[in-house]
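Residue-level listing of the chains:
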Amino acid sequence: MVESTDGGAARPGEVTVAGGVLIAFGSLLGAVGLVLLILLAMLTGSGRIPEWLSVGPQPVQPSLRLLVLGALLVLLGVGQVVTGMAMMAPGRAWSRPAGMVLAVAGAALAAWALWPASGTGGSVQAAFLPVIAAYLFVALALILARGWFVRR
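Computed from a prediction, not measured in an experiment: that's the story for all the values here.

Rules used throughout
Residues numbered from 1 in each chain as written. Predicted model: local features only at pLDDT ≥ 70, side-chain atom pairs only at ≥ 80, totals over all residues. Heavy atoms only, no water. Core = buried A, V, L, I, M, F, W, Y, C linked by side-chain atoms within 4.5 Å. Buried < 20%, exposed > 50% of the residue type's maximum accessible area, 1.4 Å probe, protein only. Helix = DSSP H or I, 4+ residues; strand = E, 2+ residues; numbered from the N terminus. Contact = heavy atoms within 4.5 Å. Expected span 1.5 Å × (residues − 1).

Peer 1: Help me understand the nonpolar core, please; the structure alone is not making it clear to me.
Peer 2: It is characteristic of soluble globular proteins that their nonpolar side chains tend to be buried jointly. Counting 25 residues, the largest nonpolar core has L29, L73, M87, Y135, V138 and F149 as its most contacted members. Sorting the residues of this core by element identifies α1 (13-46), α2 (62-87), α3 (95-114) and α4 (129-144) as the ones contributing at least two each. Per element, the largest residue contribution to this core is seven residues, and it comes from α1. Among all residues touching L29, those that are not within four sequence positions of it are L73, V74, L76, G77, Q80, L109 and Y135.

Peer 1: When you look at α4 in this model, what are you seeing that I'm missing?
Peer 2: Residue pairs three or four apart in sequence face the same way in an α-helix, which turns once every 3.6 residues. Taking 1.5 Å as the rise per residue, α4 with 16 residues should run 22 Å; its terminal C-alpha atoms sit 23 Å apart, in good agreement. All buried positions along α4 are accounted for by I132, A134, Y135, V138, A139, A141 and L142.

Peer 1: Sorry if this is basic, but what is going on with the environment of L75 here?
Peer 2: Within the secondary structure, L75 is located in helix α2. Taking the relative accessible area as the measure of exposure, L75 reaches 63% and is therefore exposed. Between the C-alpha atoms of L75 and G30, which are 45 residues apart in sequence, the distance is 7.2 Å.

This is how it looks when you write it as structure tokens:
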């Protein structure tokens, strides 16, 4: 429990950790999304997009794929940072369901990144396993810490 300075209820430790995880991962996702969007702007101006940047289904232009992926990462990252900060304040009832949805979305995105790429011989990106575990912890912590989010 984190002690309250104004005499109110103390914030549960799992809510503090869950909020910190959302803020940290949201910052990383937003930064990666911004880098993708900046890279897209630079490469589109030169008229060349390397083939290694092509993600997603092949019939779609690589620049459109990068635009959608970059924008999705920025939106998901900003949403996680805002929700993680709101979780730290008592009575922010909207941050609990939003945090659960964003944690599940983050775990799904990490699971998608975990999937072996074609041409890699089926190797799995094991670095994403702790990310999935952290997002599942956030969802579990928000399920169990219901009392913190009740309006007072």
